[in-house]
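Observations on the three-dimensional arrangement
One letter stands for each residue in the lines below.
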Amino acid sequence: MINNSSSSYTNVMLRILLYIILFLFAFYYLLPLFVMITTSLKSLEEIKTGSLVSLPRELTFDAWSVAWSKACTGIKCEGLKPYFWNSIFIAIPAVMISTFIGALNGYVIAQWRFKWSNIIFALLLFGCFIPFQVILLPMARVLGILNLAGSIPGLILVHVVYGIGFTTLFFRNFYVSIPVELIKAAKIDGANFFRIFWSIFLPLSLPIIVVTVIWQFTQIWNDFLFGVSFSEAGTQPITVALNNIVNSTTGVKEYNVDMASAIIAALPTLLVYIIAGKYFIRGLTAGSVKG
Amino acid sequence: MNSVLNIRNVNKKFGKVNVLNDININLNKGEFLVLVGPSGCGKSTLLNCIAGLEKIDSGDIHIDEKNMINIEPKDRDIAMVFQSYALYPTMTVEKNITFGMKVRGLDKETQKNKLQEVVKQLQIENLLNRKPSQLSGGQRQRVAMGRALVRDPKLFLFDEPLSNLDAKLRVEMRTEIKKLHYDLNASMVYVTHDQIEAMTLATKIVVMKDGVIQQIGSPFQIYNTPANIFVADFMGSPSMNLIKATTTKNKGQYLIEINKNKKKPAILKYNCKENLPKEIIIGIRPENIIEKNSSKDKNFQAIKSDVKVIEPAGSDTFIVTDLGGSEVTARFHSESEVTLGSEIDFHFNLSKASIFDPKTGNRLN
Amino acid sequence: MFKWLEKNIPKIVIAPSFFAILVFVYGFIAWTAWISFTKSRLMPKYDIVGFIQYDRLFDSPRWEVALNNLFIFGFLFILIAMILGLIIAIFLDQRIRIEGFLRTIYLYPMALSLIVTGTAWKWILNPGLGIENVFKNWGFENFTFDWLVNPDYAIYTVVIAGVWQASGFVMALFLAGLRSVDQEIIKAAKVDGVPTTKIYTAIIIPSMAPIFLSAFIVLAHLAIKSFDLVIALTGGGPGYATDLPATYMYTMAFSRGDLGQAASSAIIMMIVIFSVVVPYLYSELRNKNDQ
Ligand SMILES: Nc1ncnc2c1ncn2[C@@H]1O[C@H](COP(=O)(O)OP(=O)(O)OP(=O)(O)O)[C@@H](O)[C@H]1O
Ligand SMILES: [Mg+2]
């Protein structure tokens with residue numbers, strides 16, 4: 001933001017230097033992605049003889065097809081495909097449910113305050129900050145009691161329960177900036193709680209819905225701890241499967257398959273980031289600063 | 001006379017703070033009641049209580065002679081216009097105005113007719129498909145009024161509806177609201193902290209301070225016979241001069257002595273039936289202190305004093321001097337030739353003055 | 001009845017979340033805390049016996065390593081990510097033409113799962129074929145870079161990957177902070193002839209204290225919860241050289257079947273996190289209420 005109006009020789013040099021430094025940083029951040037992509041497109045032969053940072057001499061998509069449908073995660077060798085779908089089946093309902101609950105909660109806490117609403121909010125907020133290790137053991141037992149152990153509905157439940165803290169926070173922070181007069185006017189117009197939510201607040205909320213959905217989707221898709229703790233062989237999410245592929249000790253180490261798997265696992269959130277980066281960043285800052 | 005709004009002994013607390021303190025107000029059909037008072041005195045709270053948006057702790061509110069206890073805002077037959085307009089941001093102007101009717105399940109035909117009627121009245125026909133964000137302040141204001149008007153309620157409530165407009169627009173809308181009131185013969189409660197708005201619109205003014213009603217009366221009464229120093233000071237611009245003075249009784253007449261800076265005190269004669277204490281505060285409006293006694297009116301008495309400030313204000317010129325230890329403003333003709341620092345005559349019309357007790361602040365005459 | 005319902009709808013709406021949080025967060029914390037005071041091993045026991053689990057924990061060399069690692073990792077991770085983030089933010093703040101593009105590049109790692117990050121860096125830092133090999137190919141025959149498998153240095157690889165993932169995010173925070181500084185003050189300083197560097201050191205950076213605090217909290221939180229990254233990058237190895245409290249807890253809970261140790265280590269983690277977060281949250285909430 002600070003501009004130098006004088007454009008002397010040293011200033012030009014400084015600016016060139018500045019751009020060089022910034023590009024070096026960009027290079028640093030892009031290097032792992034570059035390495036992942038190029039490695040995934042090389043044959044194992046080439047990986048062993050060539051250099052990490054060189055472009056593939058011969059493009060081959062073998063590693064990708066292996067990663068998708070043949071790679072071994074432990075005993076089974078069906079690739080990432082089933083786990084990719086597991087993650088989808090976990091993430092989509094969990095995102096939808098937790099976003100919806102968060103919207104209603106935020107609406108109540110911001111606009112229908114009652115005696116205990118702030119305390120409830122504080123309790124919810126605190127829930128965002130606990131290290132999940134502290135609930136792993138009882139959660140495993142409760143899932144067992146509910147007959148949900150190792151199941152996808154069980155994982156959905158876990159993600160919803162520990163997601164509503166954040167979703168509520170997002171919607172609450174969005175709704176507090178809406179003047180209370182709006183509700184008063186609607187009450188006088190004769191609308192009730194749900195009518196006001198449905199006709200007035202929900203149509204307003206598109207930006208925060210996008211932020212929340214993106215945040216929740218990223219969190220749930222990228223989750224590993226819950227996945228590894230509460231799933232079993234057939235229900236693992238993709239992060240767990242990826243880790244199993246990479247760390248399986250049987251057979252030859254296929255680095256190209258590892259990298260292809262990693263990219264496949266990263267692709268959905270990466271796409272979301274590229275398409276809706278603005279909302280992603282907003283969620284990130286809101287979720288971590290204001291919390 | 002049928003009462004549209006009757007407020008009896010209403011109290012309201014927020015936590016430990018008494019926001020409304022034993023409020024009693026009656027409003028008859030067709031009256032325009034203006035609630036004035038400084039910021040934070042409880043005007044909006046009172047309005048919200050009338051609307052049922054806030055609960056009262058004790059007392060009764062009757063609208064159209066029905067007790068409103070436990071009656072929801074939507075069933076009170078009121079309409080309200082807010083300072084921030086509170087237009088529904090995602091709805092068009094048309095939807096904003098018809099939302100209330102839609103929620104109440106009125107048929108489409110009625111909705112349309114009502115809409116047309118109101119929209120014509122407010123001259124916003126060409127705005128129907130816009131969103132609030134695409135409107136100017138004045139247009140938003142009209143839409144907010146429209147939303148209230150379609151309801152055709154027993155009672156209109158306005159919470160500082162003009163305070164977000166610029167000065168010129170404010171004057172325009174003020175006139176329009178007044179016209180509306182006249183055309184509809186509607187009953188209105190109007191909150192403002194702008195005392196000019198209060199004076200021009202009201203048929204009845206309620207002056208509040210710290211949750212306590214200071215005075216209820218017509219604009220004329222409030223302006224000319226303020227009940228206490230607070231009302232005197234708050235209403236009118238420039239505000240009433242408040243001059244410290246001492247009295248002595250002399251043959252059925254009071255002699256009022258006003259201290260002058262380093263000079264001999266000025267003495268004025270004053271007739272009054274009431275017993276005055278030794279120390280008083282004279283409240284006198286600038287227009288009752290003038291340059292010369294043109295009409296040879298006996299009520300005028302002169303005091304010599306130095307000119308401290310000259311403030312030309314177009315049609316008049318305000319002259320400031322020091323009397324009784326405080327600044328006193330007089331209203332002179334704009335042609336009067338006065339030089340700064342000179343000693344001139346100020347003619348006081350004491351028959352128009354208010355006398356206050358400095359201890360209680362209450363009116364004595 | 002209907003009236004009562006209508007009046008209490010806000011409370012009814014928020015009640016399920018409230019009870020869910022009460023049970024799944026606070027109830028579970030209580031359960032874990034309880035277990036940490038018992039002799040539970042494979043199965044939970046409910047007789048309180050005092051601090052023996054904590055005694056065992058702090059006698060365990062593995063826990064000592066984990067805590068030590070947390071300290072090293074946390075300190076370096078927070079420090080480097082902050083410095084890097086601040087530098088990039090300041091550089092980006094110089095009216096860079098392609099700022100949006102660069103920002104997108106710097107921040108994308110935040111969209112990735114830590115498992116993906118770990119997998120990528122594991123490959124890059126691979127002693128045989130990774131970066132070491134690149135340097136060897138470039139002619140540095142004696143170059144060795146075996147931190148990943150060296151028990152003394154493996155924890156630093158976690159720092160490298162962690163910084164790579166999070167520093168872009170810190171940059172975004174700082175950039176937002178830089179932009180929110182009152183431009184009038186900066187203009188005034190410029191009119192007074194204060195040099196650019198001085199404007200940054202004397203005016204802008206000091207006024208960003210709250211952002212530093214936020215960034216610190218977020219990073220500390222990330223560091224203490226770090227689990228996925230270690231699992232994917234080193235698996236806690238070599239041996240248990242890169243164990244962190246989070247991996248220690250997981251191992252105790254799910255591989256060793258030692259509930260008591262798992263519970264007590266989780267409780268310690270929570271205490272550490274809360275000792276950082278609670279003062280921050282408290283002051284945040286208080287400030288908000290003051291407004
Ligand atoms: N929900 C609330 N909780 C606690 N105190 C409140 C609440 N609403 C208002 N108050 C307090 O009650 C007092 C009266 O507020 P109110 O809004 O009625 O003032 P007002 O006369 O409308 O002022 P203004 O002219 O600024 O609108 C103020 O001191 C205010 O701080
Ligand atoms: Mg108000």
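Our structure's up above, just so we're on the same page.
Notes on the interface of chain C and chain A
- Every contact between the two is made by 102 residues of chain C and, on the other side, 89 residues of chain A.
- Buried surface at the junction of chain C and chain A, both sides included, amounts to about 8800 Å², of which 76% is carbon and sulfur.
- At the boundary of chain C and chain A, one finds zero salt bridges.
- Across the contact surface, chain C and chain A share 22 residue pairs in polar contact (both at pLDDT 80 or more).
- Per element, the largest residue contribution to the side of chain C that touches chain A is 17 residues, and it comes from helix α1 (residues 2-35) of chain C.
- Of the residues in the side of chain C that touches chain A, the class split is 73 nonpolar, 16 polar and 13 charged.

A few points about the side chain of T247 of chain C
- Its location among the elements puts T247 of chain C in helix α12 (residues 245-255).
- Given the relative accessible area of 2%, T247 of chain C is considered buried.

Some remarks on a positive patch on the surface
- On the surface, a cluster of positive charge is contributed by K55 of chain B together with K3, K7 and K11 of chain C.
- Tracing the chain through its elements places K3 of chain C in helix α1.
- A relative accessible area of 53% places K3 of chain C in the exposed class.

A few points about the nonpolar core
- Judged by nonpolar contacts, the single largest core of 239 residues is most densely connected at Y162 of chain A, L155 of chain B together with Y106 of chain C.
- When residues of this core are assigned to their parent elements, the largest contribution, 15 residues, is made by helix α7 (residues 154-180) of chain C.
- Judged by nonpolar contacts, the second largest core, of 44 residues, contains L87, I124, A144 and L165 of chain B.

Some remarks on the site of ligand 1
Residues and elements named next belong to chain B.
- Taken together, F14, V19, S39, G40, C41, G42, K43, S44, T45, E160 and H193 form the complete shell of residues around ligand 1.
- Separating an oxygen atom of ligand 1 from a side-chain N or O atom of S39 is a distance of 2.4 Å.
- Here an oxygen atom of ligand 1 and a side-chain polar atom of H193 are 3.3 Å apart.
- Considered on its own, ligand 1 offers 630 Å² of accessible surface; in the complex 56% of this is hidden by protein.
- The element that contributes the greatest number of residues to the shell around ligand 1 is helix α1 (residues 43-51), accounting for three residues.
- Here the shell around ligand 1 is built from residues that sort into three nonpolar, six polar and two charged.

Concerning the packing of aromatic side chains
- In total, this model carries 51 aromatic pairs over all chains according to the counting rule given.
- When the centroid spacing of 6.1 Å and the interplanar angle of 20° are considered together, the rings of F156 of chain B and F158 of chain B count as stacked.
- Using a relative accessible area of 4% as the deciding quantity, one classes F156 of chain B as buried.
- Three or more aromatic residues joined by ring pairs form one cluster here, namely Y107, W112, F171, F174, Y175, F193, F194, F197 and F201 of chain A.
- Above the ring of Y88 of chain B, the side-chain terminus of R147 of chain B is found at 4.7 Å from the ring centroid.
- Sitting over the face of the ring of Y223 of chain B, R285 of chain B holds its NZ or CZ atom 3.8 Å from the ring centroid.

Rules used in this analysis
Along every chain, residues carry numbers that run from 1 in the direction the sequence is written. By the order in which they are written, chains take letters starting at A while ligands take numbers starting at 1. The predicted nature of this model means local features are confined to residues of pLDDT at least 70 and side-chain atom pairs, given and counted, to a pLDDT of 80 or more, with totals for whole chains, interfaces and linings taken over all residues. Side-chain measures here rest on the full set of heavy atoms in the structure, leaving out hydrogens and waters. In this description, contact between two residues means that some pair of their heavy atoms is separated by no more than 4.5 Å. When two parts are brought into contact, each loses some accessible area as probed by a 1.4 Å sphere; the total of that loss over both is the buried area. Every case where a carboxyl oxygen of Asp or Glu lies within 4 Å of a side-chain nitrogen of Lys or Arg is listed as a salt bridge. Polar contacts, as counted here, are pairs of nitrogen or oxygen atoms within 3.5 Å of one another; within protein the pair requires one atom able to donate a hydrogen and one able to accept it, and residues that are adjacent in sequence qualify only if both atoms are side-chain atoms. Under the DSSP-based scheme used, a helix requires at least four consecutive residues in state H or I and a strand at least two consecutive residues in state E, with every element numbered from the N terminus. Side-chain classes are defined by residue name, with Ala, Val, Leu, Ile, Met, Phe, Trp, Tyr, Cys and Pro counting as nonpolar, Asp, Glu, Lys and Arg as charged, and the others, Gly among them, as polar. Three labels apply to residues, based on accessible area from a 1.4 Å probe with only protein chains included: buried if under 20% of the type maximum, exposed if over 50%, partly exposed otherwise in between. The patch calculation keeps residues exceeding 30% relative accessible area without a salt bridge and links them within 9 Å when they carry like charges or within 5 Å when they are nonpolar (Val, Leu, Ile, Met, Phe, Trp, Tyr). In this description, accessible areas are obtained by the Shrake-Rupley approach with a 1.4 Å probe, and a residue is regarded as covered only by the protein chains that are shown. Counted as positive: Lys and Arg. Counted as negative: Asp and Glu, with His and the chain ends omitted from the count. Note on charges: their place is set at NZ of Lys, CZ of Arg, CG of Asp or CD of Glu. Buried residues of nine kinds, namely Ala, Val, Leu, Ile, Met, Phe, Trp, Tyr and Cys, make up a nonpolar core once their side-chain atoms join them within 4.5 Å. When at least one non-hydrogen atom of a residue lies within 4 Å of a molecule or strand, that residue is treated as near it. Pairing of aromatic rings covers Phe, Tyr and the six-membered ring of Trp, with a centre-to-centre limit of 6.5 Å; geometry is then stacked below 30 degrees between planes, edge-to-face above 60, and tilted otherwise. Either the NZ atom of lysine or the CZ atom of arginine qualifies as a charge over a ring when it sits within 6 Å of the ring centre and within 35 degrees of the ring normal.

Keep in mind that these numbers describe shape and distance, not what the molecule does.
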